[in-house]
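Structure assessment
One-letter residues, chain by chain:
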Amino acid sequence: MKKDIYKNINELLGSEENGNYDDIINLSRPLSRKHPKMSLHDRAAQFAPFAALTGYEDAISEEGRLTKTRRTVSDEDIRSINSELQKLVAMVNEYKYGVKCFKSEFINKERPIAEIEYFVPDEKKAGGSYVKDKCRIREVDLNNKMIITEGEKCISIDEIASIAVVESL
């Protein structure tokens, strides 16, 4: 009985090789009147890879992103930061009042420039990163403990790791 099945399969295969489909092989693709032809873009979208876990790759890369822990500032560094802040406050006030006063010798003076290294806390996970900026200082707000740059960036005085008043950019 098994031999009979094999014979039928061989007959079928043999008939395909003999050109059973010659009558339809060169016909054009049938067109539907109800459904328009699908664009190549939509057709390719059917075969696009499927992401069962949306956001998984982002979560993995976020978990792998490294952050630094906030380092403690020594008493000596705090004294250095305070003395530089005092210089900076004096220079900012000198600039502000020199520009406002018409007979002052400070009319042509520019805003002071400081090189500041400060900690920026990460929004998504514990830790953060240290940023070192060289910028013109517009205001030192001691009440809110903020340094405001010409570019309207606000730097918290509590986050400063080091600061140095410099002469030029």
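What comes next concerns the included structure.

Reading the values: the criteria
Residues numbered from 1 in each chain as written. Predicted model: local features only at pLDDT ≥ 70, side-chain atom pairs only at ≥ 80, totals over all residues. Heavy atoms only, no water. Helix = DSSP H or I, 4+ residues; strand = E, 2+ residues; numbered from the N terminus. Buried < 20%, exposed > 50% of the residue type's maximum accessible area, 1.4 Å probe, protein only. Contact = heavy atoms within 4.5 Å. Areas by Shrake-Rupley, 256 points an atom, 1.4 Å probe, with all protein chains shown as cover. Salt bridge = Lys/Arg side-chain N within 4 Å of Asp/Glu carboxyl O. Pairing = 2+ DSSP bridges. Axes fitted to C-alpha atoms, helices over the stretch in contact; angles between N-to-C directions. Phe/Tyr/Trp six-rings, centres within 6.5 Å; stacked < 30°, edge-to-face > 60°. Lys NZ or Arg CZ within 6 Å of the ring centre and 35° of its normal. Lys, Arg positive; Asp, Glu negative; His and termini not counted. Polar contact = N/O pair within 3.5 Å; in protein donor to acceptor, adjacent residues only side chain to side chain.

1. Focus: the overall build of the chain
- Along the chain, the regular secondary structure elements total four helices and five strands.
- Moving toward the C terminus, one meets the helices and strands of the chain in the order α-α-α-α-β-β-β-β-β.
- Out of the 169 residues belonging to the chain, those deemed buried represent 20%.
- Across the chain, the fraction of contacts at a sequence separation of at least 24, relative to all contacts at a separation of at least 6, is 53%.
- Surface summary for the chain: the accessible area is close to 14,100 Å², and the carbon and sulfur share equals 53%.

2. Looking at the pattern of salt bridges
- Applying the stated criterion across every chain, the model contains eleven salt bridges.
- For Arg71, the salt bridge is made with Glu117, and the minimal N-O distance between the two is 3.1 Å. In this pair, Arg71 is assigned in the loop between helix 3 (56-64) and helix 4 (75-100) and Glu117 in strand 1 (residues 113-121), connecting sequence segments 46 residues apart.
- Close ionic contact of Glu110 with Arg136 constitutes a salt bridge, the shortest N to O distance being 2.9 Å. Pair noted here: Glu110 is in the loop between helix 4 and strand 1 and Arg136 is in strand 2 (residues 128-141), with a separation of 26 residues, a long-range link.
- Beyond isolated ion pairs, a larger network of salt bridges with shared partners links Glu62, Arg65 and Asp122.

3. Structural notes on the sheet that holds strand 4 (residues 154-156)
- Strand order in the open sheet formed by five strands is 4-3-2-1-5, with antiparallel pairing between adjacent strands. At either margin of the open sheet sits one strand with a lone partner, and together these are strand 4 and strand 5 (160-166). Strand-to-strand twist of the sheet, defined as the mean angle between neighbouring strand axes without regard to direction, takes the value 40°.
- Where strand 1 lies against strand 2, nine bridges are found, and the strand directions are antiparallel. Looking at the pairing, Pro121 lines up with Gly128 of strand 2.

4. Quick notes on the pairing of strand 3 (residues 146-149)
- As judged from the four bridges shared by strand 2 and strand 3, these two strands associate in the antiparallel manner. When the bridges of strand 3 are listed, Asp141 appears paired with Met146.
- Note: strand 3 against strand 4, three bridges, orientation antiparallel. Within the sheet, the bridge partner assigned to Ile148 lies in strand 4 and is Cys154.
- Connecting the antiparallel pair strand 3 and strand 4 is a turn made up of four residues, with Glu152 showing a positive phi of about 65°.

5. Quick notes on the packing of aromatic side chains
- Under the definition given, this model contains one aromatic pair.
- The ring of Tyr130 carries Arg71 above its face, with NZ or CZ at 4.1 Å from the centroid.

6. Overview of the side chain of Asp141
- Inspection of the secondary structure assignment puts Asp141 in strand 2.
- Buried and unpaired, Asp141 has no salt bridge, with Arg138 as the nearest side chain of opposite charge at 8.5 Å.
- At 3.2 Å, the side chain of Asp141 forms a polar contact with the backbone nitrogen of Asn143.
- In this structure Asp141 touches Met146 and Ile157, once residues within four positions along its chain are discounted.

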